[in-house]
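Each chain is listed here by its residues.
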Amino acid sequence: MNISDPDDHAIIRALRMNGNDDVACLLDVASVGDEIEVHDASGSVVDTVQANADIPRFHKVALKDLEVGARLRKYGEVIGIVSSPIVRGDYVHVHNLVSAKVGAGK
């Protein structure tokens, strides 16, 4: 459920499974400018970040800036290698991330 704020942007929920994760998984659709509340596995809000792009439900939002070649973590594990610069609040997907499994060595 999205909660509207006075600026007509929604507050979106996201889940960060591990304290070392570079991304959180959205539980709602986000639009540019929406505030994303990042919750941990216990449900506590551990961070907030503003969406820099439209992000589909269940996709990833960056919790920090990452440079090309950086190893990106989700679930506490490396899931990919950054292929183009990522800024906190960016949509993280195949356009800026190569899978650590299928993209390794390419």
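Here is a short report on the structure shown in this document. (Residues numbered from 1 in each chain as written. Predicted model: local features only at pLDDT ≥ 70, side-chain atom pairs only at ≥ 80, totals over all residues. Heavy atoms only, no water.)

A word on the overall build of the protein. Within the protein one finds zero helices and ten strands. By residue count, 36% of the 106 residues in the protein fall in the buried class. Contacts in the protein between residues at least 24 apart in sequence constitute 46% of all its contacts with a sequence separation of at least 6. Per element, the accessible surface of the protein, about 6100 Å² overall, is 51% carbon and sulfur. (Helix = DSSP H or I, 4+ residues; strand = E, 2+ residues; numbered from the N terminus. Buried < 20%, exposed > 50% of the residue type's maximum accessible area, 1.4 Å probe, protein only. Contact = heavy atoms within 4.5 Å. Areas by Shrake-Rupley, 256 points an atom, 1.4 Å probe, with all protein chains shown as cover.)

With that settled, consider the pattern of salt bridges. Scanning all chains against the criterion turns up three salt bridges. A salt bridge links R13 to D28; its shortest N-O distance comes to 3.2 Å. Remark: D28 occurs in the loop between β3 (23–26) and β4 (35–39) and R13 occurs in strand β2 (residues 10–15); sequence separation between them is 15 residues. A salt bridge links K64 to D22, with the shortest nitrogen-to-oxygen separation between them at 3.0 Å. Residue K64 is found in the loop between β6 (60–62) and β7 (71–74), and its partner D22 is found in the loop between β2 and β3; the two are separated by 42 residues along the sequence. Its relative accessible area of 43% is what places K64 among the partly exposed residues. (Salt bridge = Lys/Arg side-chain N within 4 Å of Asp/Glu carboxyl O.)

Topologically, V82 is positioned in strand β8 (residues 77–82). With a relative accessible area of 3%, V82 lands in the buried category. Along the sequence, V82 and R71 sit eleven residues apart, while their C-alpha atoms lie 6.4 Å from each other. Contact partners of V82, with chain neighbours within four places excluded, come to L66, E67, V68, G69, A70, N96 and L97.

Attention now moves to the sheet that holds strand β10 (residues 97–99). Spatially, the three strands line up as an open sheet ordered β7-β8-β10, and their pairing is antiparallel. At either end of the open sheet lies a strand with only one pairing partner, and these are β7 and β10. Going from strand to strand, the sheet's axes swing by 45 degrees on average, the running direction of each strand aside. (Pairing = 2+ DSSP bridges. Axes fitted to C-alpha atoms, helices over the stretch in contact; angles between N-to-C directions.)

Before going further, it helps to spend a moment on the side chain of D22. Owing to a relative accessible area of 3%, D22 belongs among the buried residues under this scheme. Separated by 3.0 Å, the side chains of D22 and K64 make a polar contact. A distance of 2.8 Å separates a polar side-chain atom of D22 from the backbone nitrogen of R73. In contact with D22, other than residues within four places in its own chain, are V61, A62, L63, K64, L66, R71, L72 and R73. (Polar contact = N/O pair within 3.5 Å; in protein donor to acceptor, adjacent residues only side chain to side chain.)

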